[in-house]
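Inside the fold
Next come the chains, spelled out residue by residue.
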Amino acid sequence: MADRPLLSLSPDDAVTRLKGVGPARAACLQRLGIFTLRDLLFHFPRAYENRGDIKTLLQGTDGLCAAFRLTVQSVPRVARPRRGMTLTTMRASDETGTAEIVFFNQEYVAGQIEAGRTYRFWGRLQYRRGHYQISTPAFEPILPGVALPDLVPRYPLCENLSQKAMHTLICDALAAVRDKLDDPLPEHLRLGEQFPTLSVALEQIHSPTDKQSLRAALRRMMYEELFCMAIGIARSKRENSDLRMPVFTKTDMTPFLQALTFSLTRAQARTVGEICRDVSLPGEDGMTAAMRRILIGDVGSGKTVCAEAAAFLAAQNGKQTALMVPTAILAEQHYAECKPLFARLGYTVELLTGATPQKEKRQIYERLQGNGPRIDMIIGTHALLQDKVVFDDLGLIITDEQHRFGVAQRATLKEKSQLCHLLVMSATPIPRTLALSMYGDLAVSRLDEMPPGRQITDTYVVDESYRDRLNAFIRKNAAEGGQIYVVCPSIEQPDETEEPADEVEMSDLFSLTPEGRPPLKSVVAYAEQLRRACPQLRVLLLHGQMKNAEKEAVMQAFARGEADVLVSTTVIEVGVNVPNASLMIVENAERFGLSQLHQLRGRVGRGKRKSYCVLVSDSKGEAARERLSIMHKCHDGYRIAEQDLLMRGPGDFFAAVDAGNVRQSGGFSLRLASACDDTELMQRAFAAAGRLVKADPALSLPEHATLQKEIERIFTLDDKTVS
Ligand code: ADP
Ligand code: MG
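Description of the structure in this document. (Residues numbered from 1 in each chain as written. Chains lettered and ligands numbered in written order. Predicted model: local features only at pLDDT ≥ 70, side-chain atom pairs only at ≥ 80, totals over all residues. Heavy atoms only, no water.)

Description of the nonpolar core
The condition is simple: Throughout, nonpolar core names a set of buried Ala, Val, Leu, Ile, Met, Phe, Trp, Tyr and Cys residues whose side chains join them through atoms within 4.5 Å. For every residue, the accessible area obtained with a 1.4 Å probe (protein chains only) is divided by the maximum for its type, and the residue is called buried under 20%, exposed over 50%, and partly exposed between those limits. Helix and strand labels come from DSSP, where a helix needs a run of H or I of at least four residues and a strand needs a run of E of at least two; each type is numbered from the N terminus.
Among the nonpolar cores identified, the biggest contains 41 residues, and Met253, Phe256, Phe342, Met377, Ile379 and Leu423 are the most heavily contacted of them. Going through the elements one at a time, α8 (254–259), α9 (266–280), α10 (303–316), α11 (328–345), β15 (349–352), β16 (377–380), β17 (394–400) and β18 (421–426) are the ones with two or more residues in this core. Ranked by residues supplied to this core, first place goes to α10 with ten residues. Residues Tyr48, Leu174, Leu218 and Val504 belong to the second largest nonpolar core, which totals 38 residues.

Structural notes on the sheet that holds strand β13 (residues 292–297)
What counts here: The rule for pairing is simple: two strands pair if DSSP sees at least two bridges between them. Only C-alpha atoms enter the line fits that serve as axes; for helices the fit covers just the stretch in contact. Angles between N-to-C directions range over 0 to 180 degrees.
Taken in spatial order, the seven strands line up as β15-β16-β14-β17-β18-β13-β19 in an open sheet, and their pairing is parallel. Looking at strand neighbours, the two that pair on one side only are β15 and β19 (443–447), the edges of this open sheet. Neighbour-to-neighbour, the strand axes of the sheet open up by a mean angle of 20°, direction not taken into account. Two elements, strand β14 (residues 320–324) and β17, share five bridges in a ladder whose sense is parallel.

Examining the pairing of strand β4 (residues 77–82)
With zero of its six residues buried, β4 lies for the most part at the surface. The antiparallel pairing of β4 with strand β5 (residues 85–94) creates a hairpin that spans two residues between the two strands, and Gly84 there sits at a positive phi of about 80°.

Details of the pairing of strand β24 (residues 565–568)
What counts, and what does not: Handedness of a crossover is defined as follows: orient the strands so they point away from the viewer, and if the path from the first strand over the helix to the second runs clockwise, the crossover is right-handed.
Of the two faces of β24, the one lined by Val565 and Val567 and the one lined by Leu566 and Ser568 are each fully buried. Where strand β21 (residues 483–487) and β24 come together, four bridges link them in parallel fashion. Directly across from Val486, in β24, lies its bridge partner Val567. Pairing geometry for strand β23 (residues 539–542) and β24, over four bridges, is parallel. Looking across to β24, one finds that Leu542 is bridged to Ser568. Handedness of the crossover joining β23 and β24 through helix α17 (residues 548–559): right-handed.

Describing the site of ligand 1
Basically, it comes down to this: Any residue with at least one heavy atom within 4 Å of a molecule or strand is counted as near it. In the analysis that follows, any N or O atom pair within 3.5 Å is treated as a polar contact, provided that within protein one partner can donate a hydrogen and the other can accept it, and provided that, for residues neighboring in sequence, both atoms belong to side chains. Computed by Shrake-Rupley with a 1.4 Å probe, the accessible areas treat only the displayed protein chains as cover when residues are assessed.
Among the 15 residues in the neighbourhood of ligand 1, the closest are listed as Ser263, Gln268, Gly300, Lys303 and Thr304. Ser301 is positioned with one of its backbone polar atoms (N or O) 3.5 Å from an oxygen atom of ligand 1. One of the backbone N or O atoms of Gly302 is found 3.1 Å from an oxygen atom in ligand 1. When ligand 1 sits alone it has 570 Å² of accessible area, and the protein chains cover 74% of it.

Structural data, given as structure tokens:
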């Protein structure tokens, strides 16, 4: 085939330049954040099918998803059991047995599969009515002298695009531009780490020859992600230090402290002092640098009051404050708390969310601009980021649970906050070693002390054999008037054709002894089982695929006590307060990072009830059990985070940072780094970035030209945002 047109392509060309990509397919790719050929190359598999591990039919248990080497015994037959449905069937066997192969609505395979030939089939084996059956498998002819790949990538897909088609597109794109791919990693670093070049690495990731080369390729890309992130952060630190603001002169906190119903902990007092100093200490020019501070504190450590103190400082000095939170329900909770406190101090607080009625919104916009009664503090969701929202005199932006905001929102925020103080709050206790690199552009305050009177949530690790006792425990808690959270890692029962079990996940490639993973619990199935086992319980369901309004409604109902049990994915992680909740159950606990488990545990133990956390795991792996047992012994978020870093590497923390990140075209994503289990690799990447920025701050040396371009692309937003 003449591939002449492909030869003139560049990585930044639109995907439509590829053969087979028309407007419809391009639109579909766009939904995956793929606009250019480069985007295609960086569309990484989420897992690999382990097709090199051939099983015999005899070895195959019912439900096993695996590769089988079978010779087709009968000519494929096409039947039409009803209108709009075709069944293409054939018999195929190995030395241990015979299976029926069935394809649904794929009539064309009848022309592709020949009786008498041998194929490698990949699919789920079922044992029905005394017969083996494999339905709609992937198949590849086994030909003499042609090696089949052992590891076959599985990509995130959109509708109407098969795995095979996606893979072909990516391979075409790679073939077309591989000679024009400049490597952003400076050569001396790449050689020092013995990494493959960018194009070799991409080739391995999309068409791996073996596990070892694939692993090397992934490590290289991981390093590159971390390296670029560190460079971007180091550079934004430089930029920030140039922003000068008038100092706040009124710094008397007495009225604020008197208005509180409690006294500050030492850690809170220290933090408020740090904030005070940031905004009030003049430099030589009589001005001060814009505050860029992150407040890190365990759930319940009392971050809110520090934010309120900062807002009070701003108000006292005639400046407005915007407090941004990720969900409307959180905004309402903050509002309910702040409004009366600030009223006592003589300041006005308003709420702005998607749910605010139009008329009220317009009034708020007007008032924020200085027309009408003054608003000193506005609390809201992303709605605060719209262009329509213009402030009269914004002096401080506070974000709560900042890593839930995507990179895009952070950038918008930055634009609005050119001359603003910025305080971000995070409940993820990032270990010190990491915090420096991940939040390098922010000064860090830590709340490492809990307000007095906090109770400890007793934590237990159990396996499936405790199921009945666990259900009884749920009933007992509900009967006593408590409420229960159940967290499961997945939404629905995996679709049989879509989610083969025997795939190699990215993170498995890095672990030395990949353990057999227990199957995933889904919220839908769990809720159903629980309703059946305990019909008296009022059970609600919550997951990320529900519409925002729906989620809010469920959360509100649970907070009002209208249900006993909330079965949810990790969307509840973000700080909603239900003091009556006294039991947290986490299914497939082995799937979660310890810090995440600690966050989840922090959802209970907020009221007067004695609270419990039960971690359910059927994992047989020694390491997994040991890891979970830390949760039983330890209740300090920082110590847990440090342990997690030691045992699993930094991946979980990057995943947390990346969560909610809408992928931009060619944009910044820590997809691979979130599988990183190698703290040393990370540290080397960060150290190299630090050295490089020091030696060549503007990245102006010729050998850094490609890197400079890459950094620009990653950290500059274009308007092709995925909606
Ligand atoms: P988080 O850090 O998770 O955001 P919050 O700010 O919501 O924590 O505080 C948790 C609870 O502790 C709130 O009910 C708050 O009123 C209370 N609290 C905060 N600081 C103190 C303190 N110094 N003494 C007593 N209670 C406090
Ligand atoms: Mg909070």
